[in-house]
Amino acid sequence: MEQSATLNIENLKITQEQFILASQSLHLQRPGCEAVYPVGLYGWRKRCLYFFLLLLLVTMIVNLALTVWIIKVMNFSTDGMGELQLNQDGLHLEGVGEFQMPLYVSEIQSRRDRLLVLRSEKNVTLNARNHQGQLTGQLTVGPEGVEAQCQRLEVRSSDGGRLLFSADEEEVTMTTEKFTVTGSEGAVFGHSVETPLIQAPTSEDLRLESPTRTLTMEAPRGVEVSTATGTLKIGSRKDLQLEATEGEILLDADSIRLENLPLGLYAASAGEPFRKQAVYEVCVCPSGKIYLSPAESVSTCQAMSSICLWS
């Protein structure tokens, strides 16, 4: 028994020595442990983080309040914004609208009982372009006038069917029944005028005048100047010329008066007493001058040929 106890004690000692040696070997092979630092934010870093979080929260609240205020002021809704409503037909605007950039639309229409007003501090310009983006027509309303640039300008009646006025590069056409000029100076034309009728208003005179140049009226089948009830007066400061190249000049009236014609002197025969002349004949010079000559049994125009030499 004693030997067994001695063996067990020795075995136990060996086992403890082996454990101690193994522990020491493990302790020698273990690498050195690094220093352990605490995890987290402390001190001024923590205070800065809380400050930024608080600032972000205040900014979000201010943005949310501004968004609600803008929605309230602009009157946003599911139909549109304020007086501007969106529908299937387009945009419906009530009141005054201001556009800072160009506006591209196919139609601008006002209400049936309201006017459509386009207002600008400088001018209002309407442009029309083709599918390639090239400018085909332009209407500019400015402080100095209205300008239209297009290939053809047309003005139609209120029903849109009857053409009243048209203008292009070659001609200007007016299809109205009456063209009225109410200015005191009348109408001024720089070149020729073609018209089938020139008529004065009722109870007013018709006056065609050329102050510094000549007045010419031409027609392939004749020119008719007539007055229904009044008198027709043609006056000239210098010469008045009636010329018919292929035809005759017909003066058809109950009486034809040629006033202030020069009167020729009759060359009486020697010893023949002078007598008062009551009847005269009208003589015409080759140049067209007309003068009076005392009427006798034979023509006395040849005797008065000196009048034809007057300038």
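Everything here concerns the structure above.
Cut-off values and rules
Residues numbered from 1 in each chain as written. Predicted model: local features only at pLDDT ≥ 70, side-chain atom pairs only at ≥ 80, totals over all residues. Heavy atoms only, no water. Helix = DSSP H or I, 4+ residues; strand = E, 2+ residues; numbered from the N terminus. Buried < 20%, exposed > 50% of the residue type's maximum accessible area, 1.4 Å probe, protein only. Contact = heavy atoms within 4.5 Å. Areas by Shrake-Rupley, 256 points an atom, 1.4 Å probe, with all protein chains shown as cover. Core = buried A, V, L, I, M, F, W, Y, C linked by side-chain atoms within 4.5 Å. Pairing = 2+ DSSP bridges.

1. Brief notes about the overall build of the protein chain
Along its length, the protein chain carries 2 helices and 11 strands. Each helix (α) and strand (β) of the protein chain, taken in turn from the N terminus, gives the series α-α-β-β-β-β-β-β-β-β-β-β-β. For the protein chain, buried positions account for 6% of its 311 residues. Sequence separation of at least 24 residues holds for 12% of the intrachain contacts in the protein chain that already meet a minimum separation of 6. Roughly 30,500 Å² of accessible area belongs to the protein chain as shown, and the carbon and sulfur atoms make up 55% of that amount.

2. Some remarks on the nonpolar core
If you look at the biggest cluster of nonpolar residues, it comprises 5 residues: Cys-283, Cys-285, Tyr-291, Cys-301 and Ile-307. Not counting residues up to four positions away in its chain, the partners in contact with Cys-283 are Lys-289, Ile-290, Tyr-291, Ser-293 and Cys-301.

3. Description of the sheet that holds strand 3 (residues 90–93)
Pairing is antiparallel in the open sheet, where 3 strands are placed in the order 1-2-3. The open sheet has two edge strands, strand 1 (80–81) and strand 3, and neither has a second partner. Summarising the sheet, strand 1 and strand 2 (residues 84–87) pair through 2 bridges and their orientation is antiparallel. Looking at the pairing, Met-81 lines up with Leu-84 of strand 2.

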